[in-house]
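# Structural overview for review
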Amino acid sequence: MTKRVFIAALGTETNQFVPFPTGLRGYQEHGIWRGDATRHEPTNFTAPLHVWRKAIEARGWTAIEGLATFAAPSGTTVRAVYEGFRDEILDGIEAALPLDGVLINVHGAMVADGYDDCEGDLLSRVRAIVGPGVAIGAEFDLHCHLSALMLDSADVLIGYKEYPHTDTMERAAELFAIVADTIEGKVRPVMARHDCRMIAQYRTSVPPISELVTRMKSLEGKDGILSVSLSHGFAFADVEDVGTRTLVVADRDRAKAQALAEQLGRELWDNRERYATKYLTIAEGMERAASHNQGPLVLADRADNPGSGAPGDSTFLLQALVEREIGPALFGVMWDPMAFRVAEEAGEGARLRMRLGGKSGEVSGNPVDLDVTVKKIARGVRQPYGPVMVPLGDMALLSSKHVDVAICTLRTQTFHADAFKAVGADPADYRVVVVKSAQHFYNGFVGVAKEILYVASPGAADPDVTRWPYTKRKTPFWPKVADPWA
Ligand SMILES: [Zn+2]
């Protein structure tokens, strides 16, 4: 008899330190598909569903597609919005019974009002409906709070290995393969996780931590090890499971999974100083920029990365560039729909004094007032992020004495140099380019940048995790404590 597999997606990355919640509009802006995501162009978050449907149908099985929606990273999701989407997925599963498998693309760091662990809540409710005999698999973003409830509820969890997340479809294919083998009784997956007692950021696209990705891959598919993930963690939330964890999926042997999870955790710990990303202060970043004279120096404004839920309108680095008169500099893409409205009204070529950024709260700093020329207005701009196109809304380029500022109306991080080119600013023409991104910009700028550096500022995604008020985490962590194992 043909096997029946239900597929769905629900998630967002919740930054609890930004001053605005994520409501229905946050999901609408990035798409809500009710059973038809795979009939549309894939997005970052629906791409796994496309992979799953193809793989299911290639076996002659039946795919039943439920809700698929993701919101851009932002503040805590409104309770009724989460519960509504969750229940829509659960109702879809109930209606689709009998099922052999359930595959869900989640984020892993979604927090809703009343729910610190949305993924654990969702997966446990799925398990309650389908019972123990149905294979449940979930793919998660490595910026995840990997909870015990997630492990207890699913058969197989697989996280992205790469940051930038270039491997979501590869991981989706692996997840399907293991879930399909589970349905056919070829394997019986068991999982174990290990708390690395670290909260840090890791850039897997470059050595030395790329070594660890290679090592994880080399362990998979032999000796009873089905899959190995490193959940980097997502630092900007006060939840019990905040922090880095290893995860191993083994065939039948939980002790083996646990031993390998601990061993990999120790390898990460031993290499923490080499693997964890180092950040410059604003002053150090400006010092480097001031002495940089060859081609663009790209500075990542890590703490205001909208991809980490930050507002995208912080001015700490803009203020520093203006004060130090470092130029020609290009800054953005900054989320400022109010400024766009003013620029649009003034029109291209207009010269005026404008108030830029700093509108979202203390985490965004103070607004910066500048004499600018409206160089260019562009509507409906999109930028590449890997194989998909990501919308920026409408954009304007505002040129001032030292710094050109690119602004947009749809809050998103800067993935690619094309975002600036859309308003006539070629990053190659500047001495310094500041991008609102933590790491996803990397592939889109590495071709043009002479050098790439990462700067920390007091924004909503400040990588200095020693300053964040974690109240729910139960074990100590590095770097707050030099040796959390003592
Ligand atoms: Zn991520």
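What comes next is a walk through the structure.

Definitions and limits used
- The numbers attached to residues start from 1 for each chain and follow its sequence in the written order.
- Note on the predicted model: pLDDT of at least 70 is required for a residue's local features to be given, and 80 or more for side-chain atom pairs to be given and counted; whole-chain, interface and lining totals, by contrast, use all residues.
- Excluded from the side-chain calculations are hydrogens and water; all other atoms, namely the structure's heavy atoms, are used.
- Axis lines are fitted through C-alpha atoms, for helices just across the contact stretch, and the angle between N-to-C directions can take any value from 0 to 180 degrees.
- What counts as a helix is a DSSP run of H or I of at least four residues, what counts as a strand is a run of E of at least two, and both are numbered from the N terminus.
- Roughly parallel here means an angle under 35 degrees, roughly antiparallel means over 145, roughly perpendicular means 65 to 115, and every remaining angle is called oblique.
- The hand of a helix crossing depends on one turn: near helix anticlockwise from the far one by less than a right angle means left-handed, and clockwise means right-handed.
- Contact definition: two residues touch when any of their heavy atoms are within 4.5 Å.
- Gly counts as polar in this scheme, as do all residues outside two lists: the nonpolar Ala, Val, Leu, Ile, Met, Phe, Trp, Tyr, Cys and Pro, and the charged Asp, Glu, Lys and Arg.
- DSSP calls a pair of strands paired once it identifies at least 2 bridges connecting them.
- Note: metal donors comprise N, O and S atoms at 2.8 Å or less from the metal (3.2 Å for Na, K and Ca); water molecules are not included, so apparent gaps in a site are possible.
- A four-donor site is classed as tetrahedral when every donor-metal-donor angle falls between 85 and 135 degrees; four donors are called square planar, and six octahedral, when trans pairs exceed 155 degrees and all remaining angles lie between 65 and 115, with any other arrangement labelled irregular.
- For every residue, the accessible area (1.4 Å probe, protein chains only) is compared with the maximum for its type, and the residue is labelled buried under 20%, exposed over 50%, or partly exposed between those bounds.
- By definition here, a salt bridge exists when the distance from a side-chain nitrogen of Lys or Arg to a carboxyl oxygen of Asp or Glu is within 4 Å.
- Here a pair means two rings of Phe, Tyr or Trp (six-membered ring of Trp) with centres within 6.5 Å. Their orientation is stacked below 30 degrees between planes, edge-to-face above 60, and tilted elsewhere.
- For a Lys NZ or an Arg CZ to count as sitting over a ring, it must be within 6 Å of the ring centre and within 35 degrees of the ring normal.
- Think of a polar contact as two N or O atoms within 3.5 Å of one another; within protein, one of them needs to be a possible hydrogen donor and the other a possible acceptor, and neighboring residues in sequence only count if both atoms come from side chains.
- What the arc measures is the spread of directions leading from the helix axis to the C-beta atoms.

## Focus: the packing of helix 3 (residues 79-96) against helix 4 (residues 118-130)
The geometry of helix 3 relative to helix 4 is characterised by a closest axis approach of 10 Å and an angle of 25 degrees between their N-to-C directions. Considering their axes alone, helix 3 and helix 4 lie roughly parallel with respect to each other. Remark: the crossing between helix 3 and helix 4 carries right-handed chirality. Of helix 4, the residues touching helix 3 (which contributes Y82, R86, I89, L90, I93 and E94) are C118, D121, L122, R125, V126, I129 and V130. For the contact of helix 3 with helix 4, the per-class residue count stands at nine nonpolar, no polar and four charged.

## A closer look at the sheet that holds strand 7 (residues 189-195)
Pairing is antiparallel in the open sheet, where three strands are placed in the order 7-9-8. Edge strands, defined here as strands with exactly one partner in the open sheet, are strand 7 and strand 8 (225-231). Adjacent strand axes in the sheet meet at a mean angle of 15 degrees, parallel and antiparallel pairs treated alike. Note that strand 8 and strand 9 (residues 245-251) share six bridges and pair antiparallel. Considered in strand 9, the bridge of I225 is made with A250.

## With respect to the coordination of the zinc ion
The textbook angles at a metal center are 109.5 degrees for a tetrahedron of four donors and 90 or 180 degrees for an octahedron of six. Summarising the metal site, the zinc ion is bound by the protein donors D141 (OD), D141 (OD), H143 (ND1) and H165 (NE2), whose distances to it range over 2.1 to 2.4 Å. In this structure, the zinc ion is surrounded by four donor atoms whose angles at the metal cover 55 to 143 degrees, and the resulting shape is irregular. Coordination of the zinc ion draws on donor residues from a single chain, spaced D-x1-H-x21-H in sequence. Comparing D141 with H143, the two get one shared label, buried.

## Quick notes on the pattern of salt bridges
Applying the stated criterion across every chain yields a total of 35 salt bridges. Note that E170 is salt-bridged to R171, the shortest N-O span being 3.2 Å. What makes E170 partly exposed here is its relative accessible area of 43%. Relative accessible area serves as the criterion here: at 1%, R171 is assigned to the buried category. Two residues, R274 and E211, come together in a salt bridge whose shortest N-O distance is 3.1 Å. Within this pair, whereas R274 is found in helix 9 (residues 272-275), its partner E211 is found in helix 7 (residues 210-219), the two being separated by 63 residues in sequence. For E211, a relative accessible area of 40% puts it in the partly exposed group. When salt bridges with common partners are traced through the structure, they connect R193, D195, D241, R245 and R473 into a single cluster.

## Overview of the sheet that holds strand 17 (residues 451-455)
With mixed pairing, the eight strands of this open sheet are ordered in space as 12-13-14-15-11-16-10-17. Every interior strand has two partners, whereas the edge strands, strand 12 (351-356) and strand 17, have only one. Ignoring strand direction, the axes of neighbouring strands in this sheet form an average angle of 30 degrees. Two elements, strand 12 and strand 13 (residues 368-385), share six bridges in a ladder whose sense is antiparallel. When the sheet's bridge partners are listed, R355 is paired in strand 13 with D369. Together, strand 11 (329-335), strand 12, strand 13, strand 14 (388-399) and strand 15 (403-408) form the strand contacts of helix 12 (residues 337-346), whose direction differs from that of strand 12 by roughly 170 degrees.

## Observations regarding the pairing of strand 15
Burial of strand 15 is extensive: six of the six residues sit out of reach of the surface. What you see with strand 15 is no split at all: V403, V405 and I407 on one side and D404, A406 and C408 on the other are buried throughout. With five bridges connecting them, strand 11 and strand 15 associate as parallel partners. When the bridges of strand 15 are listed, W335 appears paired with C408. Pairing between strand 14 and strand 15: five bridges, direction antiparallel. In the strand pairing of strand 15, L398 is matched with V405. Linkage of strand 14 to strand 15, two consecutive antiparallel strands, is achieved through a turn of three residues.

## Some details on the packing of aromatic side chains
The tally for this structure, following the rule as stated, stands at 13 aromatic pairs. Relative to W335, the ring of F20 lies with its centre 6.3 Å away and its plane at 70 degrees, an arrangement referred to as edge-to-face. Here F20, found in the loop between strand 1 (4-11) and helix 1 (24-30), pairs with W335, found in strand 11; they are 315 residues apart in sequence, far enough to count as distant. For F20, a relative accessible area of 21% puts it in the partly exposed group. Measuring from ring centre to ring centre gives 6.2 Å for F420 and F445, while their planes differ by 75 degrees; the resulting arrangement is edge-to-face. With F420 in helix 13 (residues 417-421) and F445 in helix 14 (residues 442-445), this residue pair connects regions lying 25 residues apart in the sequence. For F420, a relative accessible area of 0% puts it in the buried group. Judged by relative accessible area, which is 0%, F445 ranks as buried. Among the aromatic residues, those joined into a ring-pair cluster are F17, F234, F236 and W468. Positioned over the ring face of W485 is R197, at 4.3 Å from the centre of the ring. Taking the ring centre of W269 as reference, the NZ or CZ of R272 above it sits at 3.7 Å.

## Things to note about the side chain of D195
Secondary-structure assignment places D195 in strand 7. A polar contact of 3.2 Å, which involves the side chain of D195, links it to the side chain of R473. Once residues within four sequence positions are removed from consideration, D195 is found in contact with T244, R245, R473, T475 and W485.

## Some points on helix 12
The complete set of buried residues in helix 12 reads A339, F340 and A343. Taken end-on, helix 12 shows its buried residues confined to a sector of 100 degrees, consistent with a single buried face. Residues M338, R341 and E345 are exposed on helix 12 and point more than 90 degrees away from its buried face. On its buried side, helix 12 packs onto strand 12, strand 13, strand 14 and strand 15. Count one or two residues on from helix 12 and you reach G347, which has phi positive near 90 degrees.

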